[in-house]
Amino acid sequence: MNSTTEQAPALPEARRVPARAGGKTAAAGAKKRKRNKVPQQSFRSRLRRDKQMLLMMVPGVLFLLLFFYIPILGNVIAFQDYQPYLGIGDSLWVGWQNFVDLFGNPDFIHAFWNTLYLAAWQLVFLFPVPLVLALIVDSLVSTRVRKIFQSIAYLPHFLSWVLVIAFFQQMLGGAGFVNNLLRDWGMDPIPFMTNPETFPVMVVVQMIWKDAGWAMIIFLAALASIDASLYEAAAADGAGRWRRMWHITLPGLRPVIVLLLILRIGDILSVGFEQFILQRDAVGAGAAEVLDTFTYYTGVVGGGWSSGAAAGLAKGVVSALLIYGANKLAHRFGEDGIFAKQAR
């Protein structure tokens with residue numbers, strides 16, 4: 001009896017110990033979270049910390065303001081019957097009439113569909129080339145050969161479109177090197193530069209020669225960020241070069257590919273201005289007329305300032321919607337796109 005009565009009070013004590021221990025653990029965890037919490041810095045302290053970075057951004061911000069954002073205010077003439085000698089303040093407001101006339105203009109419709117057609121050629125045949133070049137350069141063992149290849153690929157980017165078209169004219173024009181060679185062999189010359197049917201192919205070839213090497217820099221930077229130990233582990237497991245590329249390289253490049261694809265889709269209506277206006281007379285307006293050249297000839301050359309502004313504004317709105325839609329599609333596939341999806 002005495003042993004029973006002596007052991008009875010010990011049971012509640014044994015039950016209370018875990019409760020106190022759990023309470024102490026929770027309190028310790030809360031204190032630890034408070035200690036690990038990063039203190040919020042004031043705006044002034046962050047300004048002092050990032051002062052040099054902000055100063056470096058000033059020229060770029062001023063450039064965007066002066067040449068991109070402030071000119072947006074000029075789109076108001078798309079809703080006016082703008083007359084330069086009257087100015088924006090005194091020109092007659094016509095509302096949406098310029099857009100009604102624009103979408104009823106067969107020349108604008110032709111330029112719009114021709115732009116989409118040429119943009120599809122560029123997207124299908126031009127977009128993968130920088131990726132392929134980056135994979136080739138990354139696979140080169142010799143550093144010297146890699147630098148020589150990169151220098152040769154980068155160089156055409158620094159040439160203006162005037163020089164690029166002149167170079168192609170000297171090589172593929174009617175009196176160019178290739179056609180003179182064909183004449184020497186007793187063959188008929190081929191109208192490379194004046195054939196409207198092959199003009200999309202010529203456009204893509206010119207853009208690949210000029211800008212593909214420069215665009216591969218982004219893919220080379222993305223390739224450099226892939227962990228080399230993944231390739232070593234895959235090689236140790238017996239994976240060949242193609243399997244390593246398929247299972248390591250391409251998944252590592254997927255975010256960059258998606259980002260560039262979204263930007264290209266958003267810029268799909270801007271297939272180029274100088275490249276097309278320099279070749280418009282050679283192949284004809286039916287093959288080389290795009291939205292940029294239509295806006296120039298309608299608004300600047302023809303004096304239809306309001307129609308040109310309406311065409312440019314419509315193009316900008318469609319491009320913004322394309323970027324937004326492509327970014328939403330990237331979120332559906334689990335990619336961040338241009339901006340990450342907000343967490344709920």
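As recorded in an unreviewed UniProt entry, the protein chain goes by Aldouronate transport system permease protein and comes from Paenarthrobacter histidinolovorans. The record in UniProt for the protein chain states the following under Sequence similarities (unreviewed entry): "Belongs to the binding-protein-dependent transport system permease family."

A. Spotlight on the confidence of the model for the protein chain. With 86% of its residues at a pLDDT of at least 70, the protein chain reaches an overall mean of 82. Within the model, pLDDT remains below 50 along residues 1-22, and this stretch shows zero contacts once partners closer than five positions in the same chain are excluded.

B. Region of the structure containing the packing of aromatic side chains. On inspection of all chains with the given rule, the structure shows 18 aromatic pairs. Here the aromatic rings of Y117 and W121 are separated by 6.3 Å at their centres, their planes lie at 70°, and the arrangement is edge-to-face. Of this pair, Y117 and W121 both sit in helix α7 (residues 106-126), four residues apart, which is roughly one turn of the helix. Taking the centre distance of 5.3 Å and the plane angle of 80° together, the rings of F158 and W214 count as edge-to-face. Of this pair, F158 sits in the loop between α9 (143-154) and α10 (161-172) while W214 sits in helix α12 (residues 199-224), placing them 56 residues apart in sequence.

C. Structural view of the packing of α12 against helix α14 (residues 241-266). Contact geometry for α12 and α14: axes closest at 9 Å, N-to-C directions at 140°. Here α12 lies oblique to α14, going by the angle between them. Here the hand of the crossing between α12 and α14 comes out right-handed. Across the interface between the two elements, I218, F219, A222 and L223 from α12 touch T249, L253, V256, I257 and L260 from α14. Partitioned by chemical class, the residues of the contact of α12 with α14 number eight nonpolar, one polar and no charged.

D. A look at the side chain of K315. Along the chain, K315 falls in helix α19 (residues 305-332). Polar contacts involving the side chain of K315 include one to the side chain of D292, which spans 2.5 Å.

E. Spatial organisation of the nonpolar core. If you look at the biggest cluster of nonpolar residues, it comprises 33 residues, and the most contacted ones within it are L102, F108, F168, F199, F276 and F294. Breaking this core down by element, the ones donating at least two residues are α6 (97-103), α7, α10, α12, α17 (285-288), α18 (291-301) and α19. Setting aside its immediate chain neighbours within four residues, F294 contacts L102, N105, D107, F108, A111, E289, G299 and A311. Counting 21 residues, the second largest nonpolar core, distinct from the first, contains F127, A212, I226 and L260.

F. Spatial organisation of the UniProt feature "transmembrane region" (unreviewed entry) in the protein chain. Residues given the UniProt feature "transmembrane region" (unreviewed entry) here are residues 53-72, 116-137, 158-178, 212-231 and 252-273. A helix fraction of 95% and a strand fraction of 0% characterise residues 116-137, whose end C-alpha atoms lie 32 Å from each other. The distance from the first to the last C-alpha atom of residues 252-273 is 34 Å, and the span holds 68% helix and 0% strand.

G. Region of interest: α7. With 21 residues, α7 should cover 30 Å at 1.5 Å per step; its first-to-last C-alpha distance of 29 Å lies within 8% of that length. F108, A111, N114, T115, L118, A119, Q122 and L126 are the residues of α7 that are buried. For α7, the angular spread of buried residues about the axis comes to 140°, placing them on one side. Those residues of α7 that are exposed and aimed more than 90 degrees away from the buried face are P106, W113 and V124. The backbone nitrogen of D107 lies 3.0 Å from a side-chain oxygen of the residue at the head of α7, namely N105.

H. Structural detail: α18. Within the span of α18, buried status applies to L291, D292, T293, F294 and G299. Following α18 by one or two positions, G303 adopts a phi angle in the positive range, close to 80°.

I. Local environment of the pattern of salt bridges. Applying the stated rule across the entire model yields four salt bridges. One salt bridge in this structure joins R49 and D50, with 3.1 Å as the shortest N-O distance. Assessed through its relative accessible area of 53%, R49 is described here as exposed. The salt bridge partner of K210 is D211, with a shortest N-O separation of 3.7 Å.

J. Inspection of the environment of A224 at higher detail. Within the element layout of this structure, A224 appears in helix α12. On the accessibility criterion, A224 (66% relative accessible area) is exposed. Along the chain, A224 and D138 lie 86 residues apart, while their C-alpha atoms are 8.7 Å from each other.

Calculation notes
- Residues numbered from 1 in each chain as written.
- Predicted model: local features only at pLDDT ≥ 70, side-chain atom pairs only at ≥ 80, totals over all residues.
- Heavy atoms only, no water.
- UniProt positions renumbered as here; feature names shortened; annotations may be inferred.
- pLDDT = per-residue confidence, 0-100.
- Contact = heavy atoms within 4.5 Å.
- Phe/Tyr/Trp six-rings, centres within 6.5 Å; stacked < 30°, edge-to-face > 60°.
- Helix = DSSP H or I, 4+ residues; strand = E, 2+ residues; numbered from the N terminus.
- Axes fitted to C-alpha atoms, helices over the stretch in contact; angles between N-to-C directions.
- Parallel < 35°, antiparallel > 145°, perpendicular 65-115°, else oblique.
- Left-handed = near helix turned anticlockwise from the far one by under 90°.
- Nonpolar A, V, L, I, M, F, W, Y, C, P; charged D, E, K, R; others polar.
- Polar contact = N/O pair within 3.5 Å; in protein donor to acceptor, adjacent residues only side chain to side chain.
- Core = buried A, V, L, I, M, F, W, Y, C linked by side-chain atoms within 4.5 Å.
- Buried < 20%, exposed > 50% of the residue type's maximum accessible area, 1.4 Å probe, protein only.
- Expected span 1.5 Å × (residues − 1).
- Arc of directions from axis to C-beta.
- Salt bridge = Lys/Arg side-chain N within 4 Å of Asp/Glu carboxyl O.

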